[in-house]
Amino acid sequence: MTTAETSGSSQKRSQPDVLEWHGPVLVKTEPHMSIPWLIRERVNKAPRQPVIARKAQMGSTWRNVSGRDFIDEVNLVARGLIALGLKPGDSIAIMSHTRYEWTLLDMAGWSAGLIVVPIYETSSVDQIKRILQDADVKLVITETMVMAQLVQAAKDETTQGVQLLSLDNSALMRIIEGGASVPQSEVEARVADLTIDSVATIVYTSGTTGLPKGTVITHGSFTTLAQNGHEWMPEIANNRGSRMLLFLPLAHVYARFLEVFQLSGRGILAHTPNTRNLLADLESFQPTYLLAVPRVLEKIYNSADSAAGSGVSLKMFRWSAKTAIRYSRALDTTLGPSRTLTSQHQVADAMVYRKIRSLLGGNCKYIVSGGGPLGERLGHFFRGAGITVLEGYGLTETVGPLAVNTPRLSKIGTVGPPISTVAVRISDEGEVLVKGPSVFARYHNMPEETAAAFDEEGWFHTGDIGSLDRDGYLKITGRAKELIVTAGGKNVIPSLLEDRLRGHPLVSQVVVVGDKRPFVAALLTLDAEMLPGWLRNHNLPAMTVSEAMNHPEVLAALNRAVERANQAVSRAESIRKIKVLSTDFTEANGMLTPSLKVKRSKVLAEFEDEVNDIYGGPVREAGD
């Protein structure tokens with residue numbers, strides 16, 4: 001059975017597909033199985049076993065925190081939150097980088113029966129104001145006083161009563177001291193009152209378009225997914241050797257779910273607040289698996305390519321990369337790798353792959369990739385180098401993954417089979433629909449948007465175009481809203497070209513354009529971090545991004561990259577022109593979400609003149 005092929009503006013399938021897939025539910029979640037219950041259940045079975053590792057303030061050593069010690073601290077903080085006058089069902093917010101204190105506050109807030117709302121540390125005053133008002137937040141705990149000042153600036157007449165504490169101003173000490181008068185029995189009572197239908201968090205979408213929506217997620221969505229996940233893929237977190245270093249923002253639902261997933265398993269969780277220390281922390285902590293977005297994996301590959309320099313070293317790296325890809329592809333064949341290929345792979349492992357694995361701590365077996373599509377080439381490269389990338393797919397509304405490749409069920413080029421807690425259906429228009437207990441409850445204070453997100457049978461409409469193959473593996477081809485229809489009526493899915501182009505070391509971000517235009521083009525930005533190394537390796541003088549964007553050899557390299565990307569599509573879908581921009585897309589300028597997704601509408605509005613310049617003017621409407 002083949003994947004969906006589309007033609008015309010209706011996106012109808014022209015060949016048969018598997019239209020629906022139901023995975024077996026492996027663990028039934030009972031009404032009392034809240035997040036605090038789940039973590040306490042793990043600790044009660046092995047109270048002396050470590051659950052978290054905390055890095056020393058000086059040096060590179062890690063101190064293990066036992067389950068009993070962690071729960072004791074959670075209870076102290078929970079008592080302090082109750083002492084602040086917070087009632088069950090009240091909302092508190094955390095604004096911080098990923099760190100131990102976030103996890104502590106998460107577990108303490110949930111143990112006190114509270115709704116814990118994340119705020120990205122990069123959020124603007126307007127975004128913070130929206131969250132404070134919409135979630136009716138009673139307390140905000142920030143990482144720094146600078147963040148606290150942003151929250152203070154976001155307050156208005158409706159939120160003036162919000163309490164505000166900062167971690168760098170003794171917030172935890174003050175909370176714990178205040179809870180001395182609250183008996184532990186009050187915490188136990190609140191935990192006992194929680195059910196799988198109790199609201200755990202409201203996560204505000206980072207918003208590539210429109211007003212951010214507050215996604216209401218229950219305790220049951222987390223615990224159902226976590227418990228079934230441990231049965232679905234026990235190799236990851238359901239063993240005492242499991243070690244996970246979390247560095248992506250805990251404000252993102254995928255990282256938040258993996259926080260619960262790791263703590264409810266049998267391994268150890270650690271945090272890296274500052275990614276500038278990531279390589280050193282990877283080396284000292286030696287994780288067995290990581291959560292990463294595709295852009296991080298692209299950076300690892302491109303950095304290794306750049307570090308190879310030029311001449312023999314660069315040729316060795318490029319040969320080794322091709323060998324890894326060929327070896328990985330051969331693993332999926334009936335005969336497997338040939339003797340010659342196996343020998344070549346062993347040589348490449350000794351020369352190159354071991355160095356890459358050592359960058360990740362030397363113990364990393366799996367990388368869970370989410371938040372965007374991962375190219376097949378990159379997936380095969382990492383597997384060939386000895387690190388299996390488990391690509392998954394999900395949304396805030398599905399509490400992270402709704403499909404994921406596992407160590408036993410993996411097919412590179414797909415996002416894996418649907419997980420055991422959901423059913424997936426492909427609509428007549430090719431849209432991915434999902435249903436199951438791990439799907440979100442509703443959008444907060446948005447009944448019309450909630451109703452529009454679900455059909456009459458209860459299927460949630462993801463807005464993504466995809467297909468299920470004969471084996472039940474899901475493949476995502478793009479966002480329905482991002483589909484480009486050229487003036488000639490050709491449907492173009494921009495993500496396919498964008499993903500291939502971003503693999504070039506010179507390229508930071510790509511936005512493919514061409515809606516209602518005579519041909520497809522692309523806006524490119526240069527990677528300022530990779531540029532100096534690329535210039536050195538090509539015997540070119542140092543230059544700024546502004547200088548490089550017009551340099552003939554840089555443009556020639558980009559055009560060659562475009563030619564390679566075009567090999568994946570028909571001529572009508574291929575990129576004919578590129579425009580290199582002097583400004584990169586970042587969170588700071590509002591063109592990237594915190595999970596590093598491009599805000600396409602914002603980019604197109606900001607660079608409207610550049611797009612018009614490509615085509616010699618704006619779109620001509622009928623009658624013009």
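Residues numbered from 1 in each chain as written. Predicted model: local features only at pLDDT ≥ 70, side-chain atom pairs only at ≥ 80, totals over all residues. Heavy atoms only, no water.

1. Let's talk about the environment of Leu105
- In this structure, Leu105 sits in helix 3 (residues 100-111).
- By relative accessible area, which is 1% here, Leu105 ends up buried.
- Along the primary structure Leu105 and Ile92 are separated by 13 residues, whereas in three dimensions their C-alpha atoms are 9.7 Å apart.
- If sequence neighbours within four positions are ignored, Leu105 has contacts with Val77, Ile94, Ile141, Leu167 and Leu172. (Helix = DSSP H or I, 4+ residues; strand = E, 2+ residues; numbered from the N terminus. Buried < 20%, exposed > 50% of the residue type's maximum accessible area, 1.4 Å probe, protein only. Contact = heavy atoms within 4.5 Å.)

2. Structural notes on the packing of helix 2 (residues 67-83) against helix 3
- Put simply, helix 2 and helix 3 touch, their axes get as near as 8 Å, and they point 65° apart. The way helix 2 lies across helix 3 gives a crossing that is right-handed. Across the interface between the two elements, Phe70, Glu73, Val74, Val77, Ala78 and Leu81 of helix 2 pack against Tyr100, Thr103, Leu104, Leu105, Met107, Ala108, Gly109 and Ser111 of helix 3.
- A class-by-class count of the residues in the contact of helix 2 with helix 3 yields ten nonpolar, three polar and one charged. (Axes fitted to C-alpha atoms, helices over the stretch in contact; angles between N-to-C directions. Left-handed = near helix turned anticlockwise from the far one by under 90°. Nonpolar A, V, L, I, M, F, W, Y, C, P; charged D, E, K, R; others polar.)

3. Brief notes about the sheet that holds strand 20 (residues 442-443)
- Overall, antiparallel pairing links the three strands, which are arranged 10-11-20 in an open sheet. Since the sheet does not close on itself, it has two edges, and those belong to strand 10 (199-204) and strand 20, each with one partner.
- In the sheet, strand 10 pairs with strand 11 (residues 214-218) via five bridges, with the strands oriented antiparallel. Considered in strand 11, the bridge of Thr201 is made with Ile217. (Pairing = 2+ DSSP bridges.)

4. Thoughts on unusual backbone geometry
- Within the chain, Asp136 stands out as a residue other than glycine whose phi angle is a positive 50°.
- As for its placement among the helices and strands, Asp136 is situated in the loop between helix 4 (125-134) and strand 8 (137-142).
- Non-glycine residue Val399 carries a positive phi angle of around 55°.
- Inspection of the secondary structure puts Val399 in the loop between strand 16 (388-395) and strand 17 (400-404).

5. Quick look at a nonpolar patch on the surface
- Residues Trp319, Val347 and Met351 make up a contiguous nonpolar surface patch of about 260 Å² in total accessible area.
- Counting through the fold element by element, Trp319 comes out in helix 13 (residues 311-331).
- Judged by relative accessible area, which is 31%, Trp319 ranks as partly exposed. (Patch = residues over 30% accessible without salt bridge, like charges linked within 9 Å, V, L, I, M, F, W, Y side chains within 5 Å. Areas by Shrake-Rupley, 256 points an atom, 1.4 Å probe, with all protein chains shown as cover. Salt bridge = Lys/Arg side-chain N within 4 Å of Asp/Glu carboxyl O.)

6. Topic: helix 5 (residues 145-154)
- Within the span of helix 5, buried status applies to Met147, Ala148, Val151 and Ala154. Projection of helix 5 onto a plane perpendicular to its axis shows the buried side chains occupying an angular sector of 115°, all on one side. What points out from helix 5, more than 90 degrees from its buried face, is the exposed set Val146 and Gln149. (Arc of directions from axis to C-beta.)

7. A short note on the packing of helix 1 (residues 35-45) against helix 3
- Contact geometry for helix 1 and helix 3: axes closest at 8 Å, N-to-C directions at 115°. When the axes of helix 1 and helix 3 are compared, the pair comes out roughly perpendicular. Between helix 1 and helix 3, the residues in contact are Ile35, Pro36, Ile39 and Arg40 and Met107, Trp110 and Ser111, respectively. (Parallel < 35°, antiparallel > 145°, perpendicular 65-115°, else oblique.)

8. Section: the environment of Ala154
- Looking at where Ala154 falls in the secondary structure, it is placed in helix 5.
- By relative accessible area, Ala154 is classed as buried at 0%.
- Each C-alpha atom, one on Ala154 and one on Val125, is 5.1 Å from the other, the two residues being 29 residues apart in sequence.
- Setting aside residues up to four positions removed in sequence, Ala154 forms contacts with Val125, Ile128, Lys129, Leu132 and Thr159.

9. Side note on the sheet that holds strand 19 (residues 431-435)
- Taken in spatial order, the five strands make up an open sheet running 3-18-19-21-22, and their pairing is antiparallel. Both outer strands of the open sheet, strand 3 (20-22) and strand 22 (474-479), are each paired with one neighbouring strand and no more. If you compare each strand with its neighbour and ignore which way they point, the axes differ by 40° on average.
- Direction of pairing for strand 21 (residues 460-468) relative to strand 22: antiparallel, over a ladder of five bridges. Note on strand 22: the bridge partner recorded for Ser467 is Lys475.

10. Details of the packing of aromatic side chains
- Counted according to the given criterion, the structure contains 14 aromatic pairs.
- For the ring pair Trp110 and Phe222, a centre distance of 5.9 Å and an interplane angle of 50° mean the geometry is tilted. Residue Trp110 is located in helix 3, and its partner Phe222 is located in helix 8 (residues 219-232); the two are separated by 112 residues in the primary sequence. When sorted by exposure, Trp110 lands in the same class as Phe222, which is buried.
- Judged by centre distance (5.3 Å) and plane angle (75°), the ring pair of Phe440 and Phe460 falls under edge-to-face. Remark: Phe460 occurs in strand 21 and Phe440 occurs in the loop between strand 19 and strand 20; sequence separation between them is 20 residues.
- Three or more aromatic residues link up through ring pairs in this structure, and these residues are Tyr301, Phe317, Phe381 and Phe382.
- Across the ring face of Tyr443, the terminal group of Lys213 is positioned such that the distance to the ring centre comes to 5.1 Å.
- Over the aromatic face of Phe285 sits the side chain of Arg243, whose NZ or CZ is 4.0 Å from the ring centroid. (Phe/Tyr/Trp six-rings, centres within 6.5 Å; stacked < 30°, edge-to-face > 60°. Lys NZ or Arg CZ within 6 Å of the ring centre and 35° of its normal.)

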